[in-house]
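# Structural features, examined
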Amino acid sequence: MLLGLGDSYTSGGGKQSYPLIAANLLGWSGSNFAVPGSRMGAVSGQLAKAGSLLSNVTHVVLTTSGNDLNVKDAIMDVILKGGFKEVEAKIWTLQPQLVSTYKIIQNAVRPGTKIFGIPYVDLISVGNKIPNEDQAHQVMQVYSNMVKAAAAEANIGFIENVTTSFAGHEMYSADPYCTSLTESNPLHPNLKGDNKLGEVVADYLKSY
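Residues numbered from 1 in each chain as written. Predicted model: local features only at pLDDT ≥ 70, side-chain atom pairs only at ≥ 80, totals over all residues. Heavy atoms only, no water.

Glancing now at the sheet that holds strand β4 (residues 114-117). Hydrogen bonds between backbone groups are what pair the strands of a sheet, and the pairing can be parallel or antiparallel. Spatial ordering of the open sheet is given by β2-β1-β3-β4-β5, a layout of five strands whose pairing is parallel. In the strand order of this sheet, the two ends are held by β2 (30-32) and β5 (157-158), each with one partner. Where strand β1 (residues 2-6) meets strand β3 (residues 59-63), five bridges bridge the pair, whose relative direction is parallel. Within β3, the position partnered with G6 by the bridge is T63. Against the sheet, helix α2 (residues 18-26) makes contact with β1, β2 and β3, and its axis sits at roughly 180° relative to β2, the strand it touches most. (Pairing = 2+ DSSP bridges. Helix = DSSP H or I, 4+ residues; strand = E, 2+ residues; numbered from the N terminus. Contact = heavy atoms within 4.5 Å. Axes fitted to C-alpha atoms, helices over the stretch in contact; angles between N-to-C directions.)

Here it is in structure tokens:
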């Protein structure tokens, strides 16, 4: 069974969330307890809700910590003020709690369960469609690097291809896989994006 945990990136649109899409592509059963708006501290409660299902879980995927930082506000700070250095520093302060969150999951699932930290997609526009676009891209890369470092410290997996999975389909592109800064639920995968993430995750998990 593939289990999804974490925040809105993983909760997606219910049945259209990427963990359930990936599970379907792999021919596995799947369940998703991720909750929109949740922070790292909420993962313990999600595991408690999963309850007896945890004994059947073989793989776990999750995105978390984005609401602890408030990614939208961080990106807006960079766009409006060019405050990359301040945002970069804030991102790295999240690593210890993210490691602890991964370890909470390790202690809750059965031995041998494969756990994968999922980075947030770099969905920033290309072609100078927003101010300080290069710095906004740097923010997303730093975030990916932090999640990767936390995953390595906790000795869990990390699916790096997710970071660049929307290349050519960023916000304000001709065929975006995500919402823009001005749409409702900004900076999130749309239906096409959830499907793409499901494909990327399923392709990676085939080897695990």
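Helices that pack against each other are described as a pair by the angle of their axes relative to one another and the distance between those axes. Axis separation between helix α6 (residues 84-93) and helix α8 (residues 133-154) bottoms out at 10 Å; the angle between their running directions is 15°. It follows that α6 is roughly parallel to α8 by the angle criterion. Where α6 crosses over α8, the two elements pack in a sense that is right-handed. Of α8, the residues touching α6 (which contributes F84, V87, E88, I91 and W92) are Q135, Q138, V139, V142, Y143, N145, M146 and A149. For the contact of α6 with α8, the per-class residue count stands at nine nonpolar, three polar and one charged. (Parallel < 35°, antiparallel > 145°, perpendicular 65-115°, else oblique. Left-handed = near helix turned anticlockwise from the far one by under 90°. Nonpolar A, V, L, I, M, F, W, Y, C, P; charged D, E, K, R; others polar.)

Moving on, we come to the environment of N56. Here N56 is to be found in the loop between α3 (43-50) and β3. Separated by 32 residues in the primary sequence, N56 and E88 have C-alpha atoms spaced 38 Å apart. In contact with N56, other than residues within four places in its own chain, are M1 and R110.

Let us look at α6. Buried within α6 we find F84, V87 and I91. When α6 is viewed along its axis, its buried side chains cluster within an angular range of 70° and face the same direction. Relative to its buried face, α6 has exposed residues pointing more than 90 degrees away, namely K85, E86 and T93. Lining the buried residues of α6 we find α4 (66-69), α5 (71-81), α7 (95-108) and α8. (Buried < 20%, exposed > 50% of the residue type's maximum accessible area, 1.4 Å probe, protein only. Arc of directions from axis to C-beta.)

Our focus in this paragraph is α7. If you check α7, its first and last C-alpha atoms are 20 Å apart, about what 14 residues at 1.5 Å a residue would give, namely 20 Å. The set of residues buried in α7 consists of Q95, L98, V99, T101, Y102 and I105. Seen end-on, α7 carries its buried residues on one side only, within an arc spanning 160°. Of the residues in α7, the exposed ones pointing more than 90 degrees away from the buried face are P96 and N107. Elements that come into contact with the buried residues of α7 comprise β1, α3, β3, α6, β4 and α8. (Expected span 1.5 Å × (residues − 1).)

With that out of the way, let us pick up the packing of aromatic side chains. As enumerated under the stated definition, the model contains six aromatic pairs in all. Considering the side-chain rings of Y120 and Y143, the 5.3 Å spacing of their centres and the 80° angle between planes classify their relative orientation as edge-to-face. Taken together, the positions of Y120 in the loop between β4 and α8 and Y143 in helix α8 put the pair 23 residues apart, joining distant regions of the chain. As far as the burial class goes, Y120 and Y143 line up, both buried. Measuring from centroid to centroid gives 5.6 Å for F166 and Y177, while their planes differ by 85°, and the two rings are edge-to-face. Of the two residues, F166 is situated in the loop between β5 and α9 (191-205) and Y177 in the loop between β5 and α9; the sequence distance between them amounts to 11 residues. Joined through ring pairs, the aromatic side chains of Y9, Y120 and Y143 make up one cluster. (Phe/Tyr/Trp six-rings, centres within 6.5 Å; stacked < 30°, edge-to-face > 60°.)

Honestly, that's just the spatial picture; any functional story needs more than this.
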